[in-house]
Structures are given as structure tokens and as C-alpha cells.
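A structural walkthrough
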Amino acid sequence: MKGPSRRLERRGSEPLKMPTVSVRRDLLFQALGRQYTDDEFDELCFEFGLELDEITSEKELISREQGDVKSEGASENVLYKIDVPANRYDLLCLEGLSRGLQIFKERAVAPRYRRVRPSGDPHRLIITEETAAVRPHVVAAVLRNITFTQERYDSFIELQEKLHQNVCRKRTLVAIGTHDLDTISGVFTYTAKPPNDILFKPLNQTKEYTAIELMNLYKNDSHLRHYLHIIEDKPLFPVIYDSNGIVLSMPPIINGDHSKITFNTKNVFIECTGTDLTKAKTVLDIIVTMFSEYCEEPFTVEEVEVVYPDGKTLVYPELAYRTETLTADFINKAVGIDETAENIAQMLTRMCLQSKVVGDHIQVEIPPTRSDVIHACDIMEDAAIAYGFNNIPHTTPHTYTVANQFPLNKLTELLRHDLAASGFTEVLTFALCSEEDVADKLRKNITDTEAVHIANPKTAEFQVARTTLLPGLLKTVGANRKMPLPLKLFEISDVVLKDESKGMVMYTLCLYYYVGARNKRHLCAVFYNKSPGFEVIHGLLDRIMQLLEVKPGQGKGYHIQAADDATYFPGRCAEIFVRERSIGRLGVLHPNVISHFELTMPCSALEIDIEPFL
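Everything numeric here is computed off the predicted structure, so don't read it as measured data.

Helices and strands together make up the secondary structure of the protein chain, namely 16 helices and 31 strands. Projected onto the principal axes, the alpha-carbon positions of the protein chain cover approximately 85 × 70 × 60 Å. For the protein chain, the residues scored as buried account for 47% of the 614 residues in total. Counting only contacts in the protein chain whose residues sit at least 6 apart along the sequence, the fraction spanning at least 24 positions is 70%.

It is worth spelling out helix 8 (residues 277-291) at this point. Between the first and last C-alpha of helix 8 there are 22 Å, a value that for 15 residues agrees with the 21 Å anticipated at 1.5 Å per step. Across the 15 residues of helix 8, twelve count as buried, placing the element largely inside the fold. Of the positions making up helix 8, those classed as buried are A280, K281, T282, V283, L284, D285, I286, I287, V288, T289, M290 and F291. With a side-chain oxygen positioned 3.0 Å from the backbone nitrogen of T278, the residue opening helix 8 is D276.

This part takes up helix 6 (residues 150-165). The periodicity of an α-helix, 3.6 residues per turn, causes residues three or four positions apart to be oriented the same way. For helix 6, spanning 16 residues, the distance from its first C-alpha to its last is 23 Å, which sits close to the expected 22 Å at 1.5 Å a residue. Burial in helix 6 covers these residues: Y153, S155, F156, L159, Q160, L163 and H164. Residues of helix 6 that are buried sit in contact with helix 5 (94-104), strand 7 (174-180), strand 14 (268-274) and helix 8.

Read across the open sheet, the seven strands follow the order 21-24-27-31-30-29-28; overall the sheet is mixed. Looking at the sheet topology across the chains shown, the edges are occupied by strand 21 (425-426) and strand 28 (558-562). Where strand 30 (residues 581-589) meets strand 31 (residues 603-609), five bridges bridge the pair, whose relative direction is antiparallel. By the bridge assignment for strand 31, R585 is matched with E607. Packing of helix 15 (residues 534-547) onto the sheet brings it into contact with strand 24 (487-498), strand 27 (517-528), strand 28, strand 29 (568-578), strand 30 and strand 31, and relative to strand 31 it is tilted by some 25 degrees.

Calculation criteria
Residues numbered from 1 in each chain as written. Predicted model: local features only at pLDDT ≥ 70, side-chain atom pairs only at ≥ 80, totals over all residues. Heavy atoms only, no water. Helix = DSSP H or I, 4+ residues; strand = E, 2+ residues; numbered from the N terminus. Buried < 20%, exposed > 50% of the residue type's maximum accessible area, 1.4 Å probe, protein only. Contact = heavy atoms within 4.5 Å. Expected span 1.5 Å × (residues − 1). Polar contact = N/O pair within 3.5 Å; in protein donor to acceptor, adjacent residues only side chain to side chain. Pairing = 2+ DSSP bridges. Axes fitted to C-alpha atoms, helices over the stretch in contact; angles between N-to-C directions.

By themselves, these are just geometric observations and shouldn't be taken as functional.
This is how it looks when you write it as C-alpha cells:
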């Protein structure tokens, strides 16, 4: 039997997709220096770790999405839609894709990217302290004497959009601004001002607007309205000026029309503002390395000095090369091959990782385009791609074992099916949550929760590992309040608790780490209706105990007794004992807990530890 067929929404859930790059087949083959049949190019993509997703045309795409009438007059040039790994930012445009394939086929060598100083003083970008509360970071660079064609210009714009949707996380982490350097004058200033004090003519508009007017204007814009929430509630909006007071951009929303670039632009000033400095540097490196090949001196980028509020000056772009050292034995064992160090170095060089053999080791140089290479296992993966997954020999395992289901998971699966048969709907919630979720909202003190804290949380929603499943279920109820009542939900998952004496030891990349925490498998269920439904939750407990063959009664059975818990209504909470051992609690939730999770009706809950039943 299955549980009720309701579709429950989970907050923050969004499907993850691999980026798709659309390139004109003729331009791609021209860059590759030869023609391929569709099957040959499909095979080439597979060898390089990519996938040719679709062969189409601009006209066919428009016809499919907007109808035949809209597609009239559209280009019938063949388009290749290629799926690339989400962390390979260097393959998101025609330039990077063709360069990578040429190097892979050994028809070209990886270029050396260089940061150069101009003949005079470099441009300076000054950050004021007002930006700290909005978007504190900015990096910049100049592409000098670049030659655009319409195709190159289109690719340049499209790469920015791909980066915005990918590594920039829809401009929340990083926003890119590109400007015609010949229309503006340094020194540049990055500051933050009240929105009414910002006045400029935005891109492709005919008059000036204040920042407040712009936010209202773009609320109906199909493209820009998705980014307004990033700064609309801030008292100050970020803005970049040149030395004459001309507005270059109001990140992360829109650039100024005065400095817009065209395919006739010769010198491009690129700035990347953001809340994550590492991501901003990565984005800047990708843009300049991809398009510096069109500069008068190919693969050179002019530096820009960025002056911080404390007076510190840093030079960008970094274009940093770094070196990793590993052994041929490590790669051979991990991939399942038997190649010499020289052959492995050659394979890695084909993957844009310049490598050489030094003694018993392979020295691998990571270029600024490969921010995806973080550990030795990333290098090993590239070696496997270059070797060819289909070429890895099939081998018989050296150790023979008989598989058996982990007892805790077997118990979990049995309980899941029976709880669904009891009329409860299963949900899966995030293992991380905010401190407020496990403490304040449950009327508890965070110091009493044994919560494991994240050292550098990227969002207030994910500060600690959950110590209870209850907040996740209550948030799910809150997201589904419009569903027919009653709502009967359950979850069986792990919680994480501090354990200084019995922490786990993890083995990763030949290193041991002492965690100081343990996982516990909990079962939690809630009943949300116009009446508390304590009897429903109590009945569910009895059914669970019946399934686990634990009879009611003290001693070797189970029983409940009154308990005090701030999360529950006084006098409506009980502690659950099995074989004289406490395993959890059930009861009617306190009205304050209900209101903290934006609920309006009473709710009963049950949460127990199922590991004692093994």
C-alpha cells in the first residue's frame, strides 16, 4: 500500500541542471579547423567528457517555444546544444570549448595567460566603506585593443549570462559589468548610496531614472525582475562612478547606457562585484582568459588596482597558476589502468593541465581557467577522461563479498512502508537548518541543543546540523497550508549531535579527521488539523510498537509518562520509555511554537530514536 497521493512542496528545492551551451556548427568547425559529421562530433564530445544534447536551429527553437509565426525570418543555421559539467566554467562559450577540444586533440598547446601593466599608470578602482553592508567586493580588469565581430560580441554577452546563471548564482554572489573604456575616465569609485541619490540613464533607456524609479520600472521586466530582490530591501544601493561622476553600473541590476559596449568597442573595462570574493575572482579570470585571444597581444590582460577602504591595494586579475604533485601509482590505482608517468603526464596535458615528470612524481600546473581542480581526485578524473572510459579494462574484483542490507536501513525501510500504509505522507527535509529553527522557534536555548555548528555558513538558513526532525516537518506543513486537512506527515532520517567522547573517524585522501559528532536515526511524525489530534499521534506510537513487537507495560515493554518540555503544551507532553530507556517524546505543540512556524491550527507531534530497536 502507498500513502496518500499528495504533492508536497519543499521550500528551497530547485532542480539542478547541467549548463547547456548553444554554438553555431559552422563557427565551431571553423574554430576547430576541420569538418565533422554529427556522429563524429557526438563521439568527440563523449571522449572529452561532454554530451551533444541536441542538434537544432534558431528557427526551430523559436518555432517550438513561440510558434511558427514568430519563427519566420529566423536563421536556419545549425546549432549544437552541448551539455557541459556545471563546474567547467571554461567551456561555457565557443572560445573555451573550441580551445579545449583543440588541445585535447593535440592540434594546439594551452596558451599562457599573462597579466600586463600598461605603459602609464594602471586604472584604479576605489572601494568605499559604505559597500560593506551590501556587496563588499569588487575586482576588475581591462581587455586592451580587442577586436570584436558580431559573432564574438554575441559570444561575449552570452558567456556573461551563462556565468550569471551558474557560478554567480543568479547574480546573488557575483554580478558582471562590462564597459567601453574609451567612453569613461578613471579613477573609478565603487560606493553605496541611498536609492533616491542615484540618478542615471540605464542601458537601452532614453532618459534618466533614480534607483527607486528603476526598481519600479523593472518589476515587469521579464529578465531583470528576477534580480530586484537582491538589493531592493537595502537602505543603500551599490553603484560605480567614473572620475566625472558618470554611472557605470548599479550592480547587480543594470549597467549605465553611457558606457555600453558594441562590437566596435576596442577597450573593455570589466568589473565584477559580489558578496563572495573567491567567486568574483574566478568569474573575472574566466571572462578575460576566454576573450583575451582577440586582443592585439593575444592572451594578455591589463591589470587594474583595487583600493580597499583600509588603504590596502590589490591588483587584478590574479590569473594565478598553481602546482600540484602526485604519483602515477595514485592515478593508476584509482582509475584501474597501468600507464607510465610519462604517458599520464601527456594525458593530463591534453586536458589543459600542463604536466611533466619530476623524479618519481608528476608535477601538474593548474591554469587560471581550471578553478574546478581542487584536489588530487580532480586531476585523476581528468586522466581517466583523457585515457577514455571505454578503454579502461574490465577486471574481476579481488575480494568477493556477499552483500547484505545495513540493519538500520532495513528497519528504516520497513517502518517507512508501514507508516505510509497508516495514512501518513513521507517528506524529506534538509539536514542543515538555522539556529533559530532548532532553538528559538522550539522555545529552547541553542547551548542546550548539542547542535553541530557550521564554521562558515553561506546562508542563515543553513547554520547548524539539525538535532531534531520536527522543524523540517513544521516548515513543510507551513509550505502546504492550502492542502486539504488534516496534514499527516512523517520523516525517518538522521540527526546530528555533538559527541566529544565518541566522535567518528573519517578517512579521506589518506588523512584522518576526528569529527566529534554522531548521527542518530530518528522517526518524527506530525498531525495538523483543527483539533490537536493527540489520540492520532498516540495511536501511531502504538502501531509502531506493535510493528516492532514491543508490548505495552513497564520493564521489558513500553510506556509513557508525563514530562515537561518547552516545545510542548504544559500538561500535554509525555516521555516515551522502552525497556526503561527513554527514546523520545510525544504531545501537543505549544501555541508559541505553532506561531513561530507561521501555522494557525493546533498540531501534535511524535519523535523517537529508532536505533535502540536494532
